[in-house]
Amino acid sequence: MTVHLEVAEGVGTIRLDRPPMNALDIAVQDRLKELAEEAAGRDDVRAVILYGGEKVFAAGADIKEMQAMDHAAMVVRSRALQDSFSAVARIPKPVVAAVTGYALGGGCELALCADYRIAGENAKLGQPEILLGVIPGAGGTQRLSRLIGPSKAKDLIFTGRMVKADEALALGLVDRVVPADEVYTAAHEWAARLAQGPAIALRAAKESIDAGLETDLETGLAIERNWFAGLFATEDRERGMRSFVEEGPGKAKFV
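All chains use their own residue numbering, which begins from 1 and follows the written sequence. Side-chain atom pairs in this predicted model are given and counted only at pLDDT of 80 or more, local residue features only at pLDDT of at least 70, and totals for whole chains, interfaces and linings cover all residues. Side-chain descriptors were evaluated using all non-hydrogen atoms of the structure, hydrogens and water having been removed beforehand.

Participant: Please set out the overall build of the protein chain residue by residue, giving values where relevant.
Facilitator: Here a helix means four or more residues in a row that DSSP labels H or I, a strand means two or more in a row labelled E, and each is numbered from the N terminus. Summing up its helical and strand segments, the protein chain has 11 helices and 9 strands in all. Relative to the globule expectation of 18 Å for 255 residues, the C-alpha radius of gyration of the protein chain, 19 Å, shows essentially globular dimensions. The principal-axis extent of the C-alpha atoms belonging to the protein chain is close to 65 × 40 × 35 Å. Contacts are assigned to residue pairs with any non-hydrogen atoms lying within 4.5 Å of each other. Summarising the internal contacts of the protein chain: among those between residues at least 6 apart in sequence, 68% fall at separations of at least 24. Surface accessibility follows the Shrake-Rupley procedure with a 1.4 Å probe radius. Residue values consider only the protein chains on display as shielding. If you sum the accessible surface of the protein chain, you get close to 13,300 Å²; carbon and sulfur atoms cover 56% of it. A positive count includes Lys and Arg, and a negative count includes Asp and Glu. His and the chain ends are not counted in either. Charge placement uses NZ in Lys and CZ in Arg. For Asp and Glu, CG and CD serve respectively. With 30 positive and 37 negative side-chain charges, the protein chain shows a spacing of 1 Å between the two charge centroids. Atoms considered for the radius of gyration are the C-alpha atoms alone. The globule rule reads 2.2 Å times the number of residues to the power 0.38.

Listed below in structure tokens is the structure:
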């Protein structure tokens with residue numbers, strides 16, 4: 001298989017495995033969607049890591065495969081392409097991208113689907129589709145502009161230039177930079193910590209933020225209010241507040 005899901009102690013790692021560059025061909029896209037939906041539904045997966053291996057995250061789409069497609073074929077395929085990435089973005093659990101080496105085109109777009117991005121010092125990110133005479137088609141024009149702002153996103157998309165890890169951090173494209181050989185460890189620490197948290201509350205926080213960003217403030221506040229009140233029906237809320245009162249903050253054990 002070109003993509004694997006490995007689960008241990010509440011953390012699911014979705015691992016791209018298509019050497020040498022993890023090119024995101026149709027088979028990889030379809031498998032990515034399948035495993036994202038599996039991770040979303042599995043109770044033993046509490047947090048997710050997106051990982052391409054020690055050398056490269058994903059260098060983009062399979063250009064030879066795309067070159068053979070005409071307009072009619074891409075009209076049909078473009079929806080499935082976006083759906084595969086959106087399945088990752090919709091995982092109702094914390095998701096961290098562990099980025100090593102190249103994360104270009106579809107690889108960058110995949111990282112954008114995560115909630116948090118940890119990059120190695122050797123990482124290079126970008127949306128070079130304009131150099132092929134097209135634009136990002138797996139969410140890049142939308143998620144990148146929402147993450148770093150429209151003018152910065154336009155600079156990257158219009159020029160197709162790559163940015164190194166330090167500039168990506170300054171832009172807000174990644175959230176943390178670590179030595180290349182520590183990327184997965186850092187991502188696993190982040191995911192493992194959240195895997196011990198209150199799963200329903202984490203889902204509520206993620207959905208409130210993501211849905212709220214797509215609407216006006218009043219509607220966003222209503223989304224937050226409904227989730228906030230609903231959490232008072234959960235055992236985790238009872239455990240968390242009881243632990244705080246009896247033992248102090250940060251000691252609750254959630255189910």
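Participant: Which residues make up the state of the cysteines, and what values go with them?
Facilitator: Defined by distance alone, a disulfide is two cysteine sulfur atoms within 2.5 Å. Using the criterion set out here, one finds 0 disulfides in the structure. As a non-bridged cysteine, Cys108 has Cys113 as the owner of its nearest cysteine sulfur, 10 Å distant. Taking relative accessible area as the criterion, Cys113 reaches 3% and is therefore assigned buried. Relative accessibility thresholds used throughout: buried, under 20% of the residue-type maximum; exposed, over 50%; partly exposed, between the two (1.4 Å probe, protein chains only).

Participant: A description of helix H9 (residues 199-213) should follow, citing residues and the corresponding values.
Facilitator: Between its first and last C-alpha, H9 extends 21 Å over 15 residues, near the 21 Å set by a 1.5 Å rise per residue. Burial in H9 covers these residues: Ala204, Lys206 and Ser208. Buried residues belonging to H9 abut helix H3 (71-89), strand S4 (95-99) and helix H10 (217-230). Helices are assigned an expected span. That span is 1.5 Å times one less than the residue count.

Participant: Would you mind going over the environment of Glu207 in detail, with residue names and values included?
Facilitator: Examined against the element boundaries, Glu207 turns out to sit in helix H9. Taking the C-alpha atoms as reference, Glu207 lies 8.6 Å from Ile223; in sequence the two are 16 residues apart. If we ignore the near neighbours within four places in the chain, the residues touching Glu207 are Pro92, Gly212 and Trp227.

Participant: Give a detailed account of the sheet that holds strand S5 (residues 102-104), specifying residues and quantitative values.
Facilitator: When DSSP finds at least two bridges between two strands, those strands are taken to pair. Reading across from one edge, S5-S7-S8 is the order of the 3 strands in this open sheet, with mixed pairing throughout. Of all strands in the sheet, those bounded by a partner on one side alone are S5 and strand S8 (162-164). Each strand axis lies, on average, 20° off the axis of its neighbour in the sheet, ignoring direction. An axis is simply a line fitted to the C-alpha atoms; with a helix, the fit covers only the stretch in contact. Between two such axes, the angle follows the N-to-C directions and lies from 0 to 180 degrees.

Participant: Mind laying out the packing of helix H1 (residues 26-41) against H3, listing which residues take part and the relevant values?
Facilitator: For the pair H1 and H3, the least separation of the axes is 8 Å and the interaxial angle reads 40°. The hand of the H1/H3 crossing is left-handed. Across from Ile26, Gln29, Asp30, Leu32, Lys33, Ala36 and Glu37 in H1, the residues of H3 making contact are Arg77, Leu81, Asp83, Ser84, Ala87 and Val88. By the definition used in this description, the sense in which the near helix is turned from the far one sets the handedness, with an anticlockwise turn below a right angle giving left-handed and a clockwise turn giving right-handed.

Participant: Requested: an account of the pairing of strand S2 (residues 11-16), with residues and values cited.
Facilitator: S2 sits mainly inside the fold: 5 of its 6 residues count as buried. Summarising the sheet, strand S1 (residues 3-8) and S2 pair through 6 bridges and their orientation is antiparallel. Within S2, the residue paired with Val7 across the bridge is Gly12. Sheet analysis places S2 next to strand S3 (residues 47-51), joined by 5 bridges and oriented parallel.

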